[in-house]
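Geometric and topological summary
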Amino acid sequence: MSSDIFIECENLVKVYKIGGLEVIALKGLDLQVRSGEMIALVGPSGSGKSTLMNTLGALDTPSAGTVRVGKHDLSRMSPREKVMFQRREVGFMWQQADRNLLPYLTAQENVEFPMILDGTKARDSRQRAQRLLTLVGLEHRLNHLPKQLSVGELQRTALAVALANQPDLLLADEPTGAVDSQAANHIFDALHTLNQEFGTTIVIVTHDHTVIKRVNRVAGIRDGFITTEIIRRETDSRTGGTEQEYAVMDRVGRVFLPPTYIETLDMESRIRLLLQGDHISLYPEYESENANPR
Ligand SMILES: Nc1ncnc2c1ncn2[C@@H]1O[C@H](COP(=O)(O)OP(=O)(O)OP(=O)(O)O)[C@@H](O)[C@H]1O
Ligand SMILES: [Mg+2]
């Protein structure tokens, strides 16, 4: 494993059993994320995004395969190690704003709370809470209760809470799911600031085009695998830059074709492959070709 790879999933499988039924949520997923990278996960409902996030955060144990975060092998962690990992090394942010905060504590107290639980001195917790809330643009909301904040402000507070104990990894599952695009932009600005300020590796699940446009790496997940990746090469996250979409090939050479391509060419199970010097062409197999292979 190269030294700046921070997250590494190899052949990750997750099977949920409910009653006699098995649901295979992850089907041998591979993923590598570099330290300090910000990556968005996109994909249809039920494709395994939250399952992957829960696995990366050690809330769920993989059924097979390996998942490493930093120096931790999450597939073989004791329950106690998991608790410490969740408290110190990973921060979570959920779509439902009310799942992120305690209703009877102010914004600042909410941010201090995980630090106090972890034994940080009161004065240090207070200072760090104020710094984090300032970084997310809420220095004027320190003493507000959650019910006095807008949803966008709640999510930015949640971000400060998630980073309270200085985790190396932030997992945000649909953090902008319930806000308009202006608030989504503010939340994204806050994510970007914290990523730059602390070098926190960030994985965001999102359907939000405001967010997708502003992240340099977008991984498409379908049916329990990463199937596509969009990589942007540029420096300014607001303007977007050159963008390249890739299909992802797995260890045994499987590649998923985008559904729109398949539909456009009316492709079915068999595809004609032609190696042509420096590239490969794929053709739909029509019946006439079936009868008369060239
Ligand atoms: N705790 C669970 N028990 C049983 N099945 C589950 C459980 N969690 C998820 N699943 C199933 O695993 C599959 C993947 O679910 P997951 O929640 O990861 O999808 P998702 O990509 O996050 O979808 P959404 O965009 O709707 O949030 C689905 O078929 C889902 O029904
Ligand atoms: Mg989900």
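Residues numbered from 1 in each chain as written. Chains lettered and ligands numbered in written order. Predicted model: local features only at pLDDT ≥ 70, side-chain atom pairs only at ≥ 80, totals over all residues.

**Some points on the overall build of the protein**
Heads up, the rule is: In this description a helix means any DSSP run of H or I spanning at least four residues, a strand means any run of E spanning at least two, and both kinds are numbered starting from the N terminus. Residues with at least 20 neighbouring C-beta atoms inside 10 Å of their own are called buried, those with 12 or fewer are called exposed, and the rest are partly exposed, where every C-beta is derived from the backbone. Throughout, a residue-residue contact means that the two C-beta atoms, derived from backbone geometry, are no farther apart than 7 Å.
A tally of regular secondary structure across the protein gives ten helices and 13 strands. Along the three orthogonal principal directions, the C-alpha set of the protein runs to about 80 × 45 × 40 Å. Burial status across the protein gives 35% buried among its 294 residues. Nonlocal contacts in the protein, meaning residues at least 24 apart in sequence, comprise 63% of its contacts between residues at least 6 apart.

**What about the site of ligand 1?**
Operational definition: By definition, a residue lies near a molecule or strand when the C-beta atom built from its backbone is within 6 Å of it. Charged residues are taken to be Asp, Glu, Lys and Arg, nonpolar residues to be Ala, Val, Leu, Ile, Met, Phe, Trp, Tyr, Cys and Pro, and polar residues to be all remaining types, Gly included.
Around ligand 1 sit Tyr16, Ile18, Val23, Ala25, Gly43, Ser45, Gly46, Ser47, Gly48, Lys49, Ser50 and Thr51, and those are all the residues in its vicinity. Every element with two or more residues in the shell around ligand 1 is listed here: strand 1 (5-18), strand 2 (21-34) and helix 1 (49-56). Here the shell around ligand 1 gets three residues from one element, more than from any other, and that element is helix 1. Residues that form the shell around ligand 1 fall into these classes: four nonpolar, seven polar and one charged.

**Quick look at the environment of Leu265**
Along the chain, Leu265 falls in the loop between helix 9 (259-264) and strand 12 (271-276). Along the chain, Leu265 and Pro175 lie 90 residues apart, while their C-alpha atoms are 36 Å from each other.

**Digging into the domain arrangement of the protein**
Rule in force here: Where each domain starts and ends follows an automatic or database-derived domain assignment.
Its domain assignment divides the protein into domain 1 (5-256) and domain 2 (258-294). The C-alpha centroid of domain 2 is placed 39 Å from the C-alpha centroid of domain 1.

**Quick look at the sheet that holds strand 4 (residues 64-69)**
Heads up, the condition is: Paired strands, in this sense, are two strands between which DSSP finds at least two bridges.
Strand order across the open sheet formed by four strands is 2-1-4-5, with antiparallel pairing between neighbours. In this open sheet, the two strands that pair with only one neighbour each are strand 2 and strand 5 (72-73). Here five bridges tie strand 1 to strand 4, and the two strands are oriented antiparallel to one another. Looking at strand 4, one finds that Ile7 is bridged to Val69.

**Things to note about the sheet that holds strand 6 (residues 90-93)**
The cut-off we apply is this: Here the axes come from fitting lines to C-alpha atoms, over the contacting stretch only for helices, and the angles between their N-to-C directions go from 0 to 180 degrees.
One open sheet accounts for seven strands, arranged 6-7-8-3-9-10-11; its pairing is mixed. The open sheet has two edge strands, strand 6 and strand 11 (242-247), and neither has a second partner. Strand after strand, the sheet turns through a mean of 20 degrees between neighbouring axes, direction not considered. Here four bridges tie strand 3 (residues 38-42) to strand 9 (residues 217-222), and the two strands are oriented parallel to one another. Within the sheet, the bridge partner assigned to Ile39 lies in strand 9 and is Arg217. Here helix 6 (residues 151-162) sits on the sheet in contact with strand 6 and strand 7 (169-173), set at roughly 165 degrees to strand 6.

**Digging into helix 1**
Residue pairs three or four apart in sequence face the same way in an α-helix, which turns once every 3.6 residues. The buried fraction of helix 1 is high, at seven of eight residues. The complete set of buried residues in helix 1 reads Lys49, Ser50, Thr51, Leu52, Met53, Thr55 and Leu56.

**Let's talk about the nonpolar core**
Put simply, the test is: To count as a nonpolar core, a set of buried Ala, Val, Leu, Ile, Met, Phe, Trp, Tyr and Cys residues must be joined through C-beta atoms within 7 Å.
Leu159, Ala160 and Leu171 are the most contacted members of the largest nonpolar core, which totals 62 residues. Setting aside chain neighbours within four positions, we find Ala160 in contact with Val111, Leu132, Leu133 and Val136.

**Some remarks on the environment of Arg68**
The residue Arg68 is located in strand 4 in this model. Setting aside residues up to four positions removed in sequence, Arg68 forms contacts with Glu8, Asp73 and Leu74.

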